[in-house]
Amino acid sequence: MLLKRHFGSLFLLLEPLDIADVMFQAGHISLNEHDSVTNSNRRYERLEGLLAILSGKTELYPHFVNVVQALGYFSVLDTLKNGVPFKLETCKSFYSFLLIYLIFFLKLNSRMP
């Protein structure tokens, strides 16, 4: 599946809690599916849970893409559209690398209990 091939990029670039919340609120996933993503304190496990849901229900993929776009995860969309995983080597300068790292750090820490 396309999403599993880009696990590393998805791990770095999006928060599965955000995706699960919006997909549940829109009625695309059940409460149990939502909770299978949101009950973990580890981003890795949350992403695994989200990908398990999406791989089991391929009809959810368009809704996933719409949610990713609505939440502003444009780097994820670029990765999925172009098939090129996000790599730190694509950063043109130290400052762009630093900015990406800080965004990742802030997103990671903003979800801690």
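Not measured: the values here are computed from a predicted model.

**Q** So what exactly am I meant to see when it comes to the packing of helix α6 (residues 61–70) against helix α7 (residues 74–82) here?
**A** For any two helices packed against each other, one specifies the inter-axial angle together with the distance between the axes. Contact geometry of α6 with α7 gives a least axis separation of 8 Å together with a crossing angle of 140 degrees. Taken together, the axes of α6 and α7 are oblique relative to one another. α7 is crossed by α6, and the crossing has left-handed handedness. Together, Tyr61, Phe64, Val65, Val68 and Gln69 of α6 and Phe74, Val76, Leu77 and Leu80 of α7 make up the contact between the two elements. Partitioned by chemical class, the residues of the contact of α6 with α7 number eight nonpolar, one polar and no charged.

**Q** So what exactly am I meant to see when it comes to the nonpolar core here?
**A** Soluble globular proteins tend to bury their nonpolar side chains together. Residues Ile19, Met23, Leu54, Phe64 and Val76 are the most contacted members of the largest nonpolar core, which totals 23 residues. Looking at this core, the elements with two or more residues in it are α2 (7–13), α3 (16–25), α5 (43–56), α6 and α7. Considering every element that reaches this core, the biggest residue donor is α5, with five residues.

The rules behind the values
Residues numbered from 1 in each chain as written. Predicted model: local features only at pLDDT ≥ 70, side-chain atom pairs only at ≥ 80, totals over all residues. Heavy atoms only, no water. Axes fitted to C-alpha atoms, helices over the stretch in contact; angles between N-to-C directions. Helix = DSSP H or I, 4+ residues; strand = E, 2+ residues; numbered from the N terminus. Parallel < 35°, antiparallel > 145°, perpendicular 65-115°, else oblique. Left-handed = near helix turned anticlockwise from the far one by under 90°. Contact = heavy atoms within 4.5 Å. Nonpolar A, V, L, I, M, F, W, Y, C, P; charged D, E, K, R; others polar. Core = buried A, V, L, I, M, F, W, Y, C linked by side-chain atoms within 4.5 Å. Buried < 20%, exposed > 50% of the residue type's maximum accessible area, 1.4 Å probe, protein only.

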